[in-house]
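Structural overview
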Protein chains: 2
Amino acid sequence: MTTSIKASTKLGFLGAGQLARMSALQAFRFGIQVAVYSDRSENEPVQFMTPFSFNGSFDDVDAMVEFAKTCDVITLENEFINSEILRKVQEQSGTPIFPSPDSFALIENKLIEKQTFENAGIPVTPYKLVKDSVDITDFGKQYGWPFLLKSSKGGYDGYGNETVKNLTEAAKAFENLGGHEGHDILAEAFVDFTHELAVQVARNETGTMVYPCCETVQENHICVAVLSSAPVDESIQQKAQELAVKAAEAIDGKGIYAFEFFLTTDGEVLLNESAPRPHNSGHYTIEGCVGSQFENHVRAVLGLPLASSKMTKPAAAMINLLGTHNRPAEADHISEALATEDGHLHVYGKVQSKVGRKMAHFTLLGDDLEVTHQRAREITKSFEI
Amino acid sequence: MTTSIKASTKLGFLGAGQLARMSALQAFRFGIQVAVYSDRSENEPVQFMTPFSFNGSFDDVDAMVEFAKTCDVITLENEFINSEILRKVQEQSGTPIFPSPDSFALIENKLIEKQTFENAGIPVTPYKLVKDSVDITDFGKQYGWPFLLKSSKGGYDGYGNETVKNLTEAAKAFENLGGHEGHDILAEAFVDFTHELAVQVARNETGTMVYPCCETVQENHICVAVLSSAPVDESIQQKAQELAVKAAEAIDGKGIYAFEFFLTTDGEVLLNESAPRPHNSGHYTIEGCVGSQFENHVRAVLGLPLASSKMTKPAAAMINLLGTHNRPAEADHISEALATEDGHLHVYGKVQSKVGRKMAHFTLLGDDLEVTHQRAREITKSFEI
């Protein structure tokens, strides 16, 4: 266990978006320096928060090795880098990467991910690797149409997924998703669910910290709100938490992980997706929990003891504030959000706003979940960015 | 009232120490960019947190104007710049500075400060401008020896002050403090007090937010702990809060201000010092209050509605963690501080540790003030940095 923090410690982020940004704020709190490697040409938020900024592709091992050599430890803020590349960067730079390339290899491919979690005894959404139209037809017969086709690699907020209603659509989706270029394509059944749940788990050599089970409220496959703890039976919350801890153990995770579940109409809890990084579903933890997912991300990768995941108030509602205009970013009509006691506005510092882009979020704490959620929606409904 | 935040907004700090650092973290939360102008050669914490870093003297108007022109608004993190220089920087750059040069001019000189607050009906520690040994002798007769001699300009944690026991010591101190070089020297009586109190006030065109009245626990003129709310009668707390608001109004302050008081053995509340910036006595507000002094510093200077100053738990104890070694900074024996629920460690990121230098702090929240304070002391007593 690390029992000290050296002032010169430098934490490197592969990726420079809002997740790196909010993690960097926690690193700074411990007096740790932050470096960032971005594959975007646009100035990303974290690039305004450090003098140590690198640009390059996520395929360029040499460039990432040069970056990694300037850092004491490296972490990820997205899943867009291949585990084999991560392994090379780690070996050639000598700088440890967490989540480790080994852990990452178990979840970067959706097929391996499903198998890993199934092998650990975690129920997952019904799926099958489909190679051709016979497989697709069989899957439709077994689980019914429509269902999802997913590329085994990639996928973020609905990208890399297609809903297919019949064989014609499925054939088209199979091609769109790269099925003919050797990408593994999974068919995944729609399950009838009452709630989508999520649980964050922080884990390192000092222990494991599991966050409350929250509900993610989705519209058009985009998360619009997160409610914590989820308005479901405590036994269901505990079940999701247990499965999340089991899943983090199954990949021997070091860092912060998010696990998303379906609560089916039959009362089953099925693991749907995992993310080896801070996750939108955990933004409420900044004010909603004693130690946020970002704080525990930083602590976990540095080998420090983990912070408490206990909630600070009975209820937390987080509203995602998506771009409403295509324009230079400007958050308007925010007075009420700023003036509301127990309301906390976060603006991500992205230079350009685009319709639907994640630009900001608002967390409201309260005593009653439904009241808090409704109030948070009211407060943010005229928000423009 | 500003009802929007533009992504490209840049907040400039004159000074790059831990107060700018903790304020910058709040600016980042709103997606605002930070630039810093430092007069130190050593790499200061905030210089690791921005690509927009300038070095220069606090006397160099031209350099500060160049810096200010790159920013949308400028703020201070110390009192080491002359108000006349600030005025020139503001005029020549066109960039507003808060606290304004006018506000700052009313408190930068200890004599004018005392007069300003007295004129506003705020009781202050007994003082007199002393020109020579006759004045000094008279003051000793009226208020008794020992007393304090203070240079009217400068002064920070006991620097710029000397305690004098007799005329010989006073003559020496008068010279040390620059009395023969035209510096105004104030004599200030020691008052018998039971507690030293402090109150933060945030203020701008949208309103005023007053923080709880806390106690600053001093050893050898250095603040070692802050307890909130102060263990004194509620009527005393309210009195200090009222005087603090009145003082902020007296200087037409825009920004965050700290006011320090003596609670005398007679039960009087006397204003002792003021600071036009975030203050060590308000560090506990980061976790102890809904909106911290740093958040309200940023909100106030940007003209945004202010955050609630309500406490998040009944009690907060903040322990200053001073340098224990002269060495490259390394915070040791921090496991317990990190692992304690409701404990919050902040390390300032200073590269070099020096014995007695403010390097970090630890805030513990709890239900009972005395228990929380004792526990916070226990947890931090083996801390080394």
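Preceding this paragraph is the structure being described.
In what follows, the accompanying structure is described. (Residues numbered from 1 in each chain as written. Chains lettered and ligands numbered in written order. Predicted model: local features only at pLDDT ≥ 70, side-chain atom pairs only at ≥ 80, totals over all residues.)

1. Some thoughts on the packing of helix α6 (residues 133-143) of chain B against helix α7 (residues 167-176) of chain B
Residues and elements named next belong to chain B.
- Axis separation between α6 and α7 bottoms out at 10 Å; the angle between their running directions is 130°. Relative to α7, the element α6 lies oblique. Taken as a pair, α6 and α7 cross one another with a handedness that is right-handed. Along the contact surface, α6 presents S133, I136 and T137, while α7 presents L167, A170 and A171.
- Tallied by class, residues from the contact of α6 with α7 come to four nonpolar, two polar and no charged. (Axes fitted to C-alpha atoms, helices over the stretch in contact; angles between N-to-C directions. Helix = DSSP H or I, 4+ residues; strand = E, 2+ residues; numbered from the N terminus. Parallel < 35°, antiparallel > 145°, perpendicular 65-115°, else oblique. Left-handed = near helix turned anticlockwise from the far one by under 90°. Contact = placed C-beta atoms within 7 Å. Nonpolar A, V, L, I, M, F, W, Y, C, P; charged D, E, K, R; others polar.)

2. Notes on the relation of the copies chain A and chain B
- Of the transformation placing chain A onto chain B, the axial shift is 0.0 Å and the rotation is 180°, giving an RMSD of 0.0 Å. Viewed as a symmetry operation, the transformation between the two copies matches a two-fold axis.
- The residues that chain A uses at the interface reappear at the interface of chain B in 100% of cases, marking a shared surface. (Least-squares fit on C-alpha atoms with pLDDT ≥ 70 in both.)

3. Observations concerning unusual backbone geometry
- Following W145 of chain A, the chain continues to P146 of chain A via a peptide bond in cis, the omega torsion being -10°.
- For P146 of chain A, the location among the structural elements is in the loop between α6 (133-143) and β8 (147-151).
- Omega for the bond connecting F98 of chain B with P99 of chain B falls within 30 degrees of zero, at 0°, which places this linkage in the cis form.
- Among the secondary structure elements, P99 of chain B is positioned in the loop between α3 (83-93) and α4 (101-105).
- Despite not being glycine, N220 of chain B has its phi angle at roughly 50°, a positive value.
- Checked against the element boundaries, N220 of chain B lands in the loop between β12 (214-219) and β13 (222-228).

4. What to know about the sheet that holds strand β3 (residues 33-38) of chain B
All names here are of chain B.
- Ordered in space as β4-β3-β2-β5, the four strands form an open sheet in which the pairing is parallel. One side of each edge strand has no neighbouring strand; the edge strands of this open sheet are β4 (52-55) and β5 (73-76). Neighbour-to-neighbour, the strand axes of the sheet open up by a mean angle of 20°, direction not taken into account.
- Where strand β2 (residues 10-14) meets β3, five bridges bridge the pair, whose relative direction is parallel. Note on β3: the bridge partner recorded for L11 is V34.
- Set on the sheet, helix α1 (residues 18-29) makes contact with β2 and β3; between it and β3 the angle comes to about 160°.
- Contacting β2, β3, β4 and β5, helix α2 (residues 61-69) runs over the sheet at an angle of about 175° to β3. (Pairing = 2+ DSSP bridges.)

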